[in-house]
Amino acid sequence: MAKLENLHFNIVLSLLGGWLSIFGLDSYLVKEKLFISESFDPIEYTGSRVNLTGVTLNFTRLVLGIQLMIAGIQLPHRYLAREWRSLVLLLGPVMTLMWATTGLLVYLTIPRLPLLHALVIGACVAPTDPVLSSVVAKGRFADLNIRKDLQRIIVAESGPNDGLGYPFLFFALYLIKYVGDGGQADTIPFSHLIMLGVLILLLRRLPYIFAFQSLLPQIENKKEAAFMGFFGPIGCSAMFCLYITMDFVNSLNPNGGKNPREDVKFLREDVRVVVWFLMTCSVASNLFSISSSPPQNPILTSKKVVHGRSPEQQPLLI
């Protein structure tokens, strides 16, 4: 008979799953009538911060696996075969440029941070997050405000680029392992983080979507290009790469990880601070841009007629 291992992840998953099931029965009352948020302290479930790291890594892996499966199911039959040219462009040149640009911006903005460490951070935040992409690119909001072609290409891109971010991440990590990279940014000024957040939101993705707009038939005009370029959320996939990096760095330390290698002494903390800050900036900016654009004031309408409706009746992009 199969036996469930007594691991922290299994225990937390069981407890949290049961809690979510029970909470789901009365969530409407709690959220809409009592205005109470469903928050909880993760350390209370994991027992310690050390356990929290492992549990978070496993949870992000679980969430990404489920979301990628859902994204694949939502796409039409043979969609990848039909739109392979656009996907190759987005997953090849565009993603490579996003990684290089992000790494360069991190390197230039954070003082004394080695280039390879900056490229690790760039690899963590280069992929567009499939979980956050589905929030805007699927559902009632998307059906009312975003054309189907644009919805599908965003969802299709956000799936495979999580896996394709691995080569960039481990390219930099293995160079650090075998070549090393001197210098450390033991303290990161908050003003530099603010500057980096603004630069990443504006330059990480937007210029390249504009540059390749003519090669992406799903984009009809510059306003759609601006939306797709700005909307490249950093979220669960970045968190997953972050904890993969932290786990990898532990393996670089001699004597079983007790004594940190000098050139990676602050790498874990540097990556953790910058990636979490960029995730916060990305989530906040995307939520603000959505909530501040009411349907009554659209910035973009589709030119096509679907199901007999006039252009004025088409879904709007907010």
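All figures in this text were calculated on a predicted structure; none of them were measured in a lab.

Attention shifts here to the overall build of the protein. The helix and strand inventory of the protein stands at 16 helices and two strands. Across the 318 residues in the protein, those meeting the buried criterion constitute 45%. Once local pairs closer than 6 in sequence are excluded, the contacts in the protein between residues at least 24 apart make up 78%.

Turning to a nonpolar patch on the surface, a few remarks are in order. Together, Leu62, Ile66, Met69, Ile70 and Ile73 make up an exposed nonpolar region whose accessible area comes to about 450 Å². Among the structural elements, Met69 can be located in helix α4 (residues 49-74).

When you line up the elements, Thr109 lands in helix α6 (residues 84-109). Beyond its immediate stretch of four places on either side in the chain, Thr109 contacts His192, Met195, Leu196 and Leu199.

This part takes up the nonpolar core. Nonpolar side chains tend to gather and get buried jointly when the protein is soluble and globular. In this structure, Ile110, Leu169, Leu196, Val271 and Val275 are the most contacted members of the largest nonpolar core, which totals 49 residues. Counting residues per element, the ones that place at least two in this core are α4, α6, α7 (115-125), α11 (160-178), α12 (190-203), α15 (236-252) and α16 (267-291). With twelve residues, α15 is the single largest residue contributor to this core. If near-sequence neighbours (up to four positions away) are discounted, Val275 is found in contact with Ile121, Cys124, Val125, Ala238 and Leu242.

The next point concerns the side chain of Ser158. Within the secondary structure layout, Ser158 lies in helix α10 (residues 148-158). Among the residues examined, Ser158 registers a relative accessible area of 2% and is labelled buried. Within polar-contact distance, the side chain of Ser158 engages the backbone oxygen of Val155 at 2.9 Å. Excluding its chain neighbours within four sequence positions, the residues that come into contact with Ser158 are Leu68, Thr128, Asp129, Pro130 and Ser133.

Moving on to the environment of Ala126. By secondary structure assignment, the location of Ala126 is in the loop between α7 and α8 (130-137). With relative accessibility at 1%, the residue Ala126 sits in the buried group. Once the C-alpha coordinates of Ala126 and Gly103 are considered, the two residues, 23 residues apart in sequence, prove to be 9.1 Å apart. Setting aside residues up to four positions removed in sequence, Ala126 forms contacts with Met98, Trp99 and Arg204.

Most of α7 is tucked away, with ten of its eleven residues classed as buried. For α7, every residue scored as buried is listed here: Leu116, His117, Ala118, Leu119, Val120, Ile121, Gly122, Ala123, Cys124 and Val125.

What counts as what
Along each chain, the written sequence defines residue order, and numbers are assigned to residues from 1. Residue-level local features of this predicted model are given only where pLDDT is at least 70; pairs of side-chain atoms are given and counted only at 80 or more, and the full residue set underlies all totals for whole chains, interfaces and linings. In computing side-chain values, all of the structure's heavy atoms are included and hydrogens and water are not. Only DSSP runs of H or I reaching four residues or more are called helices, and only runs of E reaching two or more are called strands; each is numbered from the N terminus. Accessible area is worked out with a 1.4 Å probe on protein chains only. A residue is then buried under 20% of its type maximum, exposed over 50%, and partly exposed in between. Residues count as neighbours in contact if any of their non-hydrogen atoms are within 4.5 Å of one another. Two distance rules govern patches: like charges are joined within 9 Å, and nonpolar side chains (Val, Leu, Ile, Met, Phe, Trp, Tyr) within 5 Å, applied only to residues with over 30% relative accessible area and no salt bridge. All accessible areas in this document rest on Shrake-Rupley with a 1.4 Å probe, and a residue is counted as covered only by the protein chains that are shown. By definition, a salt bridge exists where a carboxyl oxygen of Asp or Glu is found within 4 Å of a side-chain nitrogen of Lys or Arg. Buried Ala, Val, Leu, Ile, Met, Phe, Trp, Tyr and Cys residues that are joined via side-chain atoms within 4.5 Å together make up what is termed a nonpolar core. Two N or O atoms count as a polar contact when they lie within 3.5 Å, although within protein this holds only if one can serve as hydrogen donor and the other as acceptor, and sequence-adjacent residues are included solely when both atoms are side-chain atoms.

Honestly, that's just the spatial picture; any functional story needs more than this.
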